[in-house]
Amino acid sequence: MPTPSSPRPGSRSLYRDIRARIGDGSYAAGTALPSTRSLAAERGLSRGTVSLVYEQLAADGFIDTRPGAATRVAAGAADRIKAQGCDAAAAEPQRHTPDNSRLSEFAQRVQAMPLRPPAPDATGVIDFVYGPLAGSDFPTLHWIKALRQAESQRGQRLEYAPPLGAPELRQALQNHLHQTRGITCSTEQILVVNGSQHALDLCARLLLNPGDPVVVENPGYRMAHQVFKAYGAQLVCADVDDNGLQTEQLPGLAAHGPPKLAYVTPSHQFPLGGYLPIARRHALLDWAHAQGCWVIEDDYDSDYRYTVRPEPSLLSLDSAGCVIHVGTFSKTLSPQLRLGYMVLPPALAGLFAQAKQLADRHSATGPQRALAQLIADGSYARHVRRMRRKQHARQHALLQALDRHLGTQVHIQGAASGLHLAVWFPALPARQEAQLVEAAALRGVRVYPISPLYLDSGSRPLQRAAAGVVMGYALLDQPEIERGVQCLAQALASLQ
Ligand SMILES: Cc1ncc(COP(=O)(O)O)c(C=O)c1O
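Rules used in this analysis
Residues numbered from 1 in each chain as written. Predicted model: local features only at pLDDT ≥ 70, side-chain atom pairs only at ≥ 80, totals over all residues. Heavy atoms only, no water. Helix = DSSP H or I, 4+ residues; strand = E, 2+ residues; numbered from the N terminus. Rg over C-alpha atoms; globule rule 2.2 N^0.38 Å. Contact = heavy atoms within 4.5 Å. Areas by Shrake-Rupley, 256 points an atom, 1.4 Å probe, with all protein chains shown as cover. Lys, Arg positive; Asp, Glu negative; His and termini not counted. Charge placed at Lys NZ, Arg CZ, Asp CG, Glu CD. Patch = residues over 30% accessible without salt bridge, like charges linked within 9 Å, V, L, I, M, F, W, Y side chains within 5 Å. Salt bridge = Lys/Arg side-chain N within 4 Å of Asp/Glu carboxyl O. Buried < 20%, exposed > 50% of the residue type's maximum accessible area, 1.4 Å probe, protein only. Pairing = 2+ DSSP bridges. Axes fitted to C-alpha atoms, helices over the stretch in contact; angles between N-to-C directions. Domains from an automatic or database assignment. Buried area = accessible area lost by both parts, 1.4 Å probe. Parallel < 35°, antiparallel > 145°, perpendicular 65-115°, else oblique. Left-handed = near helix turned anticlockwise from the far one by under 90°. Near = heavy atom within 4 Å. Polar contact = N/O pair within 3.5 Å; in protein donor to acceptor, adjacent residues only side chain to side chain. Nonpolar A, V, L, I, M, F, W, Y, C, P; charged D, E, K, R; others polar. Core = buried A, V, L, I, M, F, W, Y, C linked by side-chain atoms within 4.5 Å.

## Notes on the overall build of the protein
Regarding its fold elements, the protein presents 16 helices and 16 strands. Taking 2.2 N^0.38 as the reference for a compact globule, 496 residues should give roughly 23 Å; the C-alpha atoms of the protein span a radius of gyration of 23 Å, in line with that estimate. Each principal axis of the C-alpha atoms in the protein carries an extent, and together these give about 70 × 55 × 50 Å. Look at the contacts in the protein between residues 6 or more apart in sequence, and 75% of them connect residues 24 or more apart. Looking at the protein as shown, the accessible area adds up to about 21400 Å², and 52% of this sits on carbon and sulfur atoms. With 49 positive and 42 negative side-chain charges, the protein shows a spacing of 5 Å between the two charge centroids.

In structure tokens form, the structure reads like this:
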């Protein structure tokens, strides 16, 4: 089997992605892979590039290709990948990476990770992606005005700013968090970061050593799982139900050693959408306190609450000083701003500020001061109210369309809040999830499989038997939602 002389752009990440999915069981033996045509369209690659990747995967024994038949995952491929270890790069064609001996252990772990490539161009596609927001929803005029004002007040000396963040933003956040999340904290506990991901990275760097157990929700947020794994942590999974993390499982997790950290999404479990009830919040805090374990409360989209009353944030219930509250402006303004914040226990604030200073001195001051202005003059709160109404209308349109076109063929989770739904197809086995995604892609609709958000917890097999997808709605208008769901229903019908 000839190998390409040099990998084409995008081929390497596609190879790693497919290999990782076979390795983690998302693509079980016998599963038909997407056609080269639909995968090329989905990834924004040429068909030739996808064909070369398939040829390489076939040469490596991971898939079977036969002319005129679907390309399928080969029997025993997952075992072979596991036997090769998690170093996905080991079997890659034509690596352009340095020798491992010249890299840190951290770098080697990062290199082996199946990180998702940036989303391909979605022109002409109805994309139920979760993550991006619509450009037209950004409050451009308010933002430009606030930014111009912030930049025009530039001082005489262009000094480095405090690592904790611009004082006016921390002041505005202190008031805002008190009003919206019941959080009482000093401005010295607030650290402005470049989005939640930066906060998670700082937590991993400062609180974990390789091998330390970290409790995570299963299914859960991959970008959190991956950053903890990159620092060598051992992920310990707790299952999730309609009410979020099943806290009764926590005492049983001690077998892995005392956990150092627990990462949770209590206001809106990602991806299943549960809302952690007050009794579970107390159970989690009591357990964490008894274990001496830090708890990261990822409050990523709590502004989008439609039918539930807010429970107090974990931080506002924490009397032991073990909760690290993380928030972001990626869901209300734009993920491109890279603006988020942490509310740290007093004992940790100074340390985190020092680490932030070592990493990047401080976040850019102009956008921080513009945001402070929008929060202080009430425009941010008005924008959030407007966005909540808009996103709720989109969600309503999606729920109605799902009901109209799929009815009892779907089971929906997570409609009480947020910017996405978890949609299950009880009559379609999980092994056909990829086929459903492909059949939808062939009809010009992107939906996202839920299986990759599950971790294999070792002792427990994957719990769910049905196919499921994550459907975000923040980018779509109501006619697109209607058409998209119609096509999804046709895609499902084509498999039955
Ligand atoms: C669970 C969860 N946390 C946080 C974020 C936001 O991340 P960031 O602030 O790094 O943009 C997301 C975005 O999709 C998310 O799903």
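## Quick word on a positive patch on the surface
Together, Arg382, Arg385, Arg386 and Arg389 make up a positively charged patch on the protein surface. For Arg385, the location among the structural elements is in helix α14 (residues 379–405). A relative accessible area of 43% places Arg385 in the partly exposed class.

## Points about the sheet that holds strand β11 (residues 340–343)
The strand order across the open sheet built from eight strands is β4-β11-β10-β9-β8-β5-β6-β7, with neighbouring strands paired in mixed fashion. The strands lining the two open edges of the sheet, one partner per strand, are β4 (190–193) and β7 (244–245). Across the sheet, helix α7 (residues 167–181) touches β4 and β11, and the angle it forms with β4 is around 115°.

## Examining the domain arrangement of the protein
Where interface size is given, it is often the accessible area lost as the parts come together that is meant. Under the domain assignment, the protein is made up of domain 1 (11–97), domain 2 (126–136 + 383–495) and domain 3 (140–380). On a C-alpha basis, the centres of domain 2 and domain 3 stand 27 Å from each other. Contacts between domain 2 and domain 3 engage 31 residues on the former and 34 residues on the latter. Summed over both sides, the interface of domain 2 with domain 3 buries roughly 2900 Å², with 56% coming from carbon and sulfur. On the domain 2 side of the contact with domain 3, His383, Leu453 and Leu455 bury the most area, a combined 21% of that side's loss.

## With respect to unusual backbone geometry
Here the bond from Asn218 into Pro219 is cis, since omega is 5°, no more than 30 degrees from zero. Secondary-structure assignment places Pro219 in the loop between β5 (213–218) and α9 (222–230). The step from Phe270 to Pro271 runs through a cis peptide bond, and the omega angle for that step is 10°. With respect to the helices, strands and loops of the structure, Pro271 is situated in the loop between β8 (261–264) and α10 (278–291). For Arg338, which is not a glycine, the phi torsion comes out positive at approximately 50°. Of the residues examined, Arg338 reaches a relative accessible area of 34% and is grouped as partly exposed. A positive phi angle, close to 70°, is found at Arg361, a residue other than glycine. With respect to the helices and strands, the residue Arg361 is situated in the loop between α12 (346–360) and α13 (365–376).

## Considerations on the packing of helix α15 (residues 433–442) against helix α16 (residues 478–495)
Here α15 crosses α16 at 130°, and the two axes come no closer than 8 Å. Taken together, the axes of α15 and α16 lie oblique to each other. Crossing geometry of α15 relative to α16 is assigned as right-handed. Facing α15, whose interface residues are Gln435, Leu436, Ala439 and Ala440, α16 presents Leu488, Ala491, Leu492, Ser494 and Leu495.

## Looking at the site of the ligand
The full set close to the ligand counts 13 residues, and Ser196, Asp298, Thr328, Ser330 and Arg338 are the nearest of them. Measuring from an oxygen atom of the ligand, one finds a side-chain N or O atom of Tyr130 at 3.0 Å. Here an oxygen atom of the ligand and a backbone polar atom of Ser196 are 2.8 Å apart. For the ligand, the accessible surface in isolation is 400 Å², of which the surrounding protein chains cover 92%.

## Brief notes about the pairing of strand β10 (residues 323–328)
Here β10 lies mainly inside the structure; six of its six residues are buried. Here β10 shows two buried faces, one formed by Val323, His325 and Gly327 and the other by Ile324, Val326 and Thr328. Relative to β10, strand β9 (residues 294–298) runs parallel, the two sharing four bridges. By the bridge assignment for β10, Ile296 is matched with Ile324. Pairing of β10 with β11, which is carried by four bridges, proceeds in the antiparallel orientation. The residue bridging Val326 from the neighbouring strand is Met342, located in β11.

## Overview of the packing of α14 against α16
Direction vectors running N to C along α14 and α16 enclose 30°, while the axes themselves pass 9 Å from each other. In terms of orientation, α14 lies roughly parallel with respect to α16. Every pair of crossing elements has a handedness; the one defined by α14 and α16 is right-handed. Mapping the contact onto sequence places Ala393, Arg394, Ala397, Leu398, Ala401, Leu402, Arg404 and His405 in α14 and Gln478, Ile481, Glu482, Val485, Gln486 and Ala489 in α16. Taken together, the residues of the contact of α14 with α16 sort by class into eight nonpolar, three polar and three charged.

## Notes on the nonpolar core
In terms of nonpolar packing, the biggest core is built from 47 residues, with Phe128, Leu398, Leu406, Phe425, Val447 and Met471 touching the most fellow members. Secondary-structure elements contributing two or more residues to this core are α14, β13 (420–429), α15, β16 (466–472) and α16. Tallying contributions element by element places α16 first for this core, with seven residues. Taken domain by domain, this core gets at least three of its residues from each of domain 2 (126–136 + 383–495) and domain 3 (140–380). Filtering out sequence-adjacent residues up to four positions away, Phe128 remains in contact with Leu398, Val445, Arg446, Val447, Tyr448, Val470, Met471, Gly472, Leu476, Ile481, Gly484 and Val485. In terms of nonpolar packing, the next biggest core, distinct from the first, is built from 43 residues, Ile183, Val236, Phe329 and Leu371 among them.

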